[in-house]
Structure formats: structure tokens, C-alpha cells
Amino acid sequence: AFGIANCADKTPFQGVPGTKNERTFIAIKPDGTARGLIGEIIHRFERKGYKLVAIKILHPTKEQAEAHYADLSSKPFFNGLVKFFSSGAIVAMVWEGKGVIKGGRSLVGATDPAQSLPGSIRGDLCVEVGRNIVHGSDGPESAQHEIKLWFKENEFAEWNSIQPVYEN
Ligand code: ADP
């Protein structure tokens, strides 16, 4: 049976991986924001059928950028990455839906835009690995960690989507 996606069931704000209430952290990086690609990127997640449950625009501090990319601190590009990520406004979002962590990575495309396929955000819209316009959590652990890093529980909206949800 098909039903209407229901928010009345209380989902923990970091989501439940492996269920229809899986959640992922997606950010439009400072280059995507500056290039006027906010609507373009949101559009792709929205029309796929994912549900936007939290969103804000902010200019990250250096400390926030370092915390977000902490697992890359030994990489030679880390300092440049942190400097860039904190150089302008980002759009921080949490998207929800079945398989949204992997599916979101698929919409985002491969890290290096030279490798990301046409049809993906990076494949269609950028050429530089250091300016690849969007971030998406790469797995269930990083999704939960990043959602908690950028959002508080009271920043989530409960609302009903009319996307059909297959109940089995
Ligand atoms: P992803 O963003 O696809 O999850 P990573 O977590 O490996 O990729 O890297 C985080 C970000 O660091 C990338 O999105 C990219 O902007 C930047 N980055 C990765 N590799 C390089 C590199 N070789 N040179 C410069 N920047 C890089």
C-alpha cells in the first residue's frame, strides 16, 4: 500500500539509518552559495523525493570548519580546505528519506569533479576538487556525527510530505 509520509512518528533528530527516517547532512559550500547555486542544489534533492527537515545559512568559523573536517586533518590540503570552508556562507541542511545517505552521495557525485558523472551536482556544475560546491555525509556514522555537529534538536521542523512512501 502507498501512504503519505508521516512525521507524527517521533524520529530522533539525527535520524535512523536503514529506515525511511534515515537522515544525512548536506552542505552547500561557500563557492556554491557565492555562485548562486542554492536553488539548483536544493531542487535536485527535492525532486528526487527527499524531505528537507532542517536548513540554515551561516558563515562557519575556522573552528567549525576544523571540526567538520577533523578526519582529514593529516591531509596536505587540510589547511586550505578549512580556510576555504570558513571563507563565506554555507547552507547547512538535513535531508530525510529511504537510502538518503547513499542516494545523496550519488546526487552529489564523486569528490573530484573530473571523475563525477554528468547528471550529478559536481559532474554538472564544477571542475575543481577544492571548489566542488557541495558536501554530503559519506556513511551512517558521519551522517549522525555531522547532523549533531551542525544542528540542535529544536532546529528541526515536523511536517507532512505528500511523497508516496511504499509501506513494505
Ligand atoms: P567528499 O567531500 O567527496 O566526501 P573528502 O571527504 O575526501 O571528499 O574530502 C573533503 C573535501 O576536501 C572534498 O570535497 C574536497 O573539496 C577537498 N579535497 C579532497 N581531496 C582534495 C585534494 N586532493 N586537493 C584539494 N582538495 C581536496
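Residues numbered from 1 in each chain as written. Predicted model: local features only at pLDDT ≥ 70, side-chain atom pairs only at ≥ 80, totals over all residues. Heavy atoms only, no water.

Novice: Looking at this structure, I do not really get the site of the ligand. What am I missing?
Specialist: The local shell around the ligand consists of Lys29, Tyr69, Leu72, Phe77, Leu81, Arg105, Thr111, Arg122, Val129, Gly130 and Asn132. Take Lys29: an N or O atom from its side chain is 2.9 Å from an oxygen atom of the ligand. In this structure, Thr111 approaches the ligand through a side-chain N or O atom, which is 2.5 Å from an oxygen atom. For the ligand, whose accessible area on its own is 530 Å², the fraction buried by protein is 74%. When its residues are assigned to classes, the shell around the ligand shows 5 nonpolar, 3 polar and 3 charged. (Near = heavy atom within 4 Å. Polar contact = N/O pair within 3.5 Å; in protein donor to acceptor, adjacent residues only side chain to side chain. Areas by Shrake-Rupley, 256 points an atom, 1.4 Å probe, with all protein chains shown as cover. Nonpolar A, V, L, I, M, F, W, Y, C, P; charged D, E, K, R; others polar.)

Novice: So what exactly am I meant to see when it comes to the nonpolar core here?
Specialist: Generally speaking, nonpolar side chains in soluble globular proteins are found buried as a group. Judged by nonpolar contacts, the single largest core of 20 residues is most densely connected at Ile41, Phe45, Met93, Trp95, Ile121, Ile133 and Val134. For this core, the secondary structure elements donating two or more residues are strand S2 (23-28), helix H2 (38-48), strand S4 (90-96), helix H5 (100-108) and helix H6 (121-125). Aside from chain neighbours lying at most four places away, what touches Ile133 is Ala27, Ile28, Lys29, Asp31, Gly32, Arg35, Leu37, Ile41, Ile121, Leu125 and Cys126. In terms of nonpolar packing, the next biggest core, distinct from the first, is built from 19 residues, Leu58, Phe85, Ile147 and Trp150 among them. (Core = buried A, V, L, I, M, F, W, Y, C linked by side-chain atoms within 4.5 Å. Buried < 20%, exposed > 50% of the residue type's maximum accessible area, 1.4 Å probe, protein only. Helix = DSSP H or I, 4+ residues; strand = E, 2+ residues; numbered from the N terminus. Contact = heavy atoms within 4.5 Å.)

Novice: How do you make sense of the sheet that holds strand S5 (residues 134-136) when you look at a structure like this?
Specialist: Backbone-to-backbone hydrogen bonds join strands into a sheet, with any given pair of strands oriented parallel or antiparallel. The 4 strands lie next to each other as S3-S4-S2-S5, forming an open sheet whose pairing is antiparallel. Edge positions in the open sheet fall to strand S3 (51-58) and S5, since each of these has one partner strand only. Here the strands of the sheet are splayed against their neighbours by 15° on average, with no regard to which way each runs. Direction of pairing for S3 relative to S4: antiparallel, over a ladder of 7 bridges. For Lys56, the partnering residue across the bridge sits in S4 and is Ala92. Strands in contact with helix H7 (residues 140-150) are S2, S3, S4 and S5; relative to S2, the strand with the most contacts, it is inclined by about 60°. (Pairing = 2+ DSSP bridges. Axes fitted to C-alpha atoms, helices over the stretch in contact; angles between N-to-C directions.)

Novice: I would appreciate a short explanation of the pattern of salt bridges in the present structure.
Specialist: Oppositely charged side chains are able to pair whenever their charged atoms sit close together. Here the structure, examined in full by the defined rule, presents 5 salt bridges. The salt bridge involving Glu96 is made with Arg23; its shortest N-O contact spans 2.8 Å. Within this pair, whereas Glu96 is found in strand S4, its partner Arg23 is found in strand S2, the two being separated by 73 residues in sequence. As far as burial versus exposure is concerned, Glu96 and Arg23 are alike and both buried. With a closest N to O distance of 3.0 Å, Glu66 and Lys62 form a salt bridge. In this pair, Glu66 and Lys62 both sit in helix H3 (residues 62-68), 4 residues apart, roughly one turn of the helix. A single network of salt bridges, built from pairs that share partners, joins Glu40, Arg44 and Asp124. (Salt bridge = Lys/Arg side-chain N within 4 Å of Asp/Glu carboxyl O.)

Novice: Which parts of the structure should I look at to understand the UniProt feature "domain: Nucleoside diphosphate kinase-like" (unreviewed entry) in the chain?
Specialist: Feature annotation in UniProt assigns "domain: Nucleoside diphosphate kinase-like" (unreviewed entry) to the following positions: residues 21-158. Within the segment residues 21-158, helix and strand shares are 41% and 17% respectively, and the terminal C-alpha atoms sit 12 Å apart. (UniProt positions renumbered as here; feature names shortened; annotations may be inferred.)

Novice: What is the right way to read the side chain of Ser86 from this model?
Specialist: Inspection of the secondary structure puts Ser86 in the loop between helix H4 (78-85) and S4. A distance of 2.7 Å separates a polar side-chain atom of Ser86 from the backbone oxygen of Val82.

Novice: Would you mind showing me how to read H2 here?
Specialist: Each α-helix winds once per 3.6 residues, and so residues spaced three or four apart point in a common direction. Where H2 is concerned, the buried positions are Ile41, Ile42, Arg44 and Phe45. Summarising the axial view, the buried residues of H2 lie within an arc of 155°, below the 170-degree limit, and thus occupy one face. Where the residues of H2 are buried, they touch S2, S3, S4, H5, H6 and S5. Of the residues trailing H2, Gly49 is marked for its positive phi of about 120°. (Arc of directions from axis to C-beta.)

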